[in-house]
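Architecture and fold: a report
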Amino acid sequence: VFVGTTIERVMRTGQHPVLMVNGDAGGAYARVMIATDMSPASAQAIGTALRLGLLEQACVSLLHVLESTTRSMMVYANVAPEKIEEQAVREAGDARQEMAHFLSRFALAGVRHDVRIEEGETVHTIQRIADDEKPDLMVIGIRGLAGVKRLLLGSVADAILRGVTCDVLAVPQPPEAALS
């Protein structure tokens, strides 16, 4: 249960952003992927990447993954496929609006970026898209958990740290947000 590399433990338990470098240094990051769940941890991660200047010269892809339990419940309930698809389209539209509102607080006007809303299991979807797009840097927020919860594996951030080959900037959420 308490397995992990030193860098994973530092990222999980630290209070400062940590850059895990997996490749050779080659200048500014050209392709950056930000995996966001629109939480305070994600907001902190985006703000930190902006303040550090990591997004200035890059093509940035902001990715939000929808894990639709509604779809699986509707399939189980034998709902007509067209009704299931209508619901999926509604959920994606709602997520796009929520993402636009979430991103409005950041100064992204000068940053080349796109927003992707994907449906699927969070970790596998992020890893699949990272494998396809091959970003130079992945930016993730890490939720502040207390005590033993911080040491337990199984979070999305832990899986991403172990599953991607690009550099990873892991940013803990602010302590006051972790309390809520």
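Please refer to the structure placed before this passage.
Please read these numbers as outputs of a predicted model, since none were measured by experiment. (Residues numbered from 1 in each chain as written. Predicted model: local features only at pLDDT ≥ 70, side-chain atom pairs only at ≥ 80, totals over all residues. Heavy atoms only, no water.)

1. With respect to the packing of aromatic side chains
Inspection of every chain in the model, using the stated rule, returns 1 aromatic pair. Centroid distance F102 to F106: 5.6 Å. Interplanar angle 65 degrees. Geometry classified as edge-to-face. Grouping residues by exposure puts F102 and F106 together as buried. (Phe/Tyr/Trp six-rings, centres within 6.5 Å; stacked < 30°, edge-to-face > 60°. Buried < 20%, exposed > 50% of the residue type's maximum accessible area, 1.4 Å probe, protein only.)

2. Some thoughts on the nonpolar core
Within the largest apolar cluster, 26 residues are counted, with the highest numbers of intra-cluster contacts made by V32, I34, V60, F102, L103 and V139. Those elements that place two or more of their residues in this core are strand 2 (31-35), helix 2 (40-51), strand 3 (59-66), helix 4 (81-103), strand 5 (137-142) and strand 6 (167-172). Here I34 is in contact with I46, L55, V60, S61, L62, L63 and V139, once residues within four sequence places are set aside. Counting 18 residues, the second largest nonpolar core, distinct from the first, contains M33, I129, I142 and L161. (Core = buried A, V, L, I, M, F, W, Y, C linked by side-chain atoms within 4.5 Å. Helix = DSSP H or I, 4+ residues; strand = E, 2+ residues; numbered from the N terminus. Contact = heavy atoms within 4.5 Å.)

3. Things to note about the pattern of salt bridges
Considering all chains together, one arrives at 5 salt bridges under this definition. Here R31 and D136 are joined by a salt bridge, their closest N and O atoms 3.4 Å apart. Linking R31 in strand 2 with D136 in the loop between helix 5 (122-133) and strand 5, this pair joins segments that are 105 residues apart in sequence. The class of R31 is partly exposed, set by a relative accessible area of 37%. Taking the relative accessible area as the measure of exposure, D136 reaches 25% and is therefore partly exposed. Among the ionic pairs, E118 bridges to R116, the shortest N-O distance being 2.8 Å. What you see here is one network of salt bridges that share partners, running through R116, E118, R128 and E133. (Salt bridge = Lys/Arg side-chain N within 4 Å of Asp/Glu carboxyl O.)

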